[in-house]
Amino acid sequence: MNLNDPQLTFEAKITGLVQGVNFRLYTQNRARQLGVKGWVKNHLDGSVRVLARGPHPCLLQLIESLWIGPTNAHVDNIDITWIPSQSVSTHFSVIR
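Described in the following lines is the structure provided in the data block. Owing to the predicted nature of the structure, the values given are computational and were not obtained by experimental measurement. Going along each chain's sequence as written, the residues are numbered from 1 onward. With pLDDT at 70 or above as the cut-off, local features in this predicted model cover only qualifying residues; side-chain atom pairs require 80 or more to be listed or tallied, and sums for whole chains, interfaces and linings still use all residues. The side-chain numbers reported here are obtained from all heavy atoms of the structure, hydrogens and water having been left aside.

### Focus on unusual backbone geometry
- A positive phi angle is found at Asn-22, which is not glycine, with a value near 65°.
- Along the chain, the position of Asn-22 falls in the loop between strand S1 (8–17) and helix H1 (23–34).
- Among the residues examined, Asn-22 registers a relative accessible area of 56% and is labelled exposed. Numbering of helices and strands runs from the N terminus, with a helix taken as a DSSP run of H or I at least four residues long and a strand as a DSSP run of E at least two residues long. Burial status follows relative accessibility: with a 1.4 Å probe on protein chains alone, a residue under 20% of its type maximum counts as buried, one over 50% as exposed, and anything between as partly exposed.

### Considering the pattern of salt bridges
- A carboxyl oxygen of Asp or Glu within 4 Å of a side-chain nitrogen of Lys or Arg is what we treat as a salt bridge. Counted by the stated rule, this structure contains two salt bridges.
- Close ionic contact of Lys-13 with Asp-45 constitutes a salt bridge, the shortest N to O distance being 3.3 Å. In this pair, Lys-13 sits in strand S1 while Asp-45 sits in the loop between strand S2 (37–42) and strand S3 (48–54), placing the two residues 32 residues apart along the sequence.
- Given a relative accessible area of 27%, Lys-13 falls into the partly exposed group.
- Classification of Asp-45 as partly exposed rests on a relative accessible area of 44%.

### Quick word on the pairing of S2
- Across six bridges, the pairing between S2 and S3 is antiparallel. Across the sheet, Lys-37 pairs through a bridge with Arg-53, a residue of S3.
- Connecting S2 to the next strand, S3, in antiparallel fashion are five residues, including Gly-46 with a positive phi near 95°.
- Here S2 pairs with strand S5 (residues 92–95) via four bridges, running parallel. Its bridge partner lying in S5, Lys-41 is registered against Ile-95. At least two bridges found by DSSP between two strands is the condition for calling them paired.

Listed below in structure tokens is the structure:
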């Protein structure tokens, strides 16, 4: 990860009580507030996956928000992988 790069990208796997509690909508709203692009989706194993691209400070704020989650969520763990920057959509979307 090169912190001098103006845009960084991470993939995250969030585990715990994160499905059926509006976690995707919460993540989308927070990412859009921060100007982060990418997507969030439920995974078959009960986790939520996130791909996010943006300035490093904004991504760190998003990660902090992921730990908090919406009211009824309970996050047990977040595995973050910083990946080579890649093109993502021009906004942040929920993938169904």
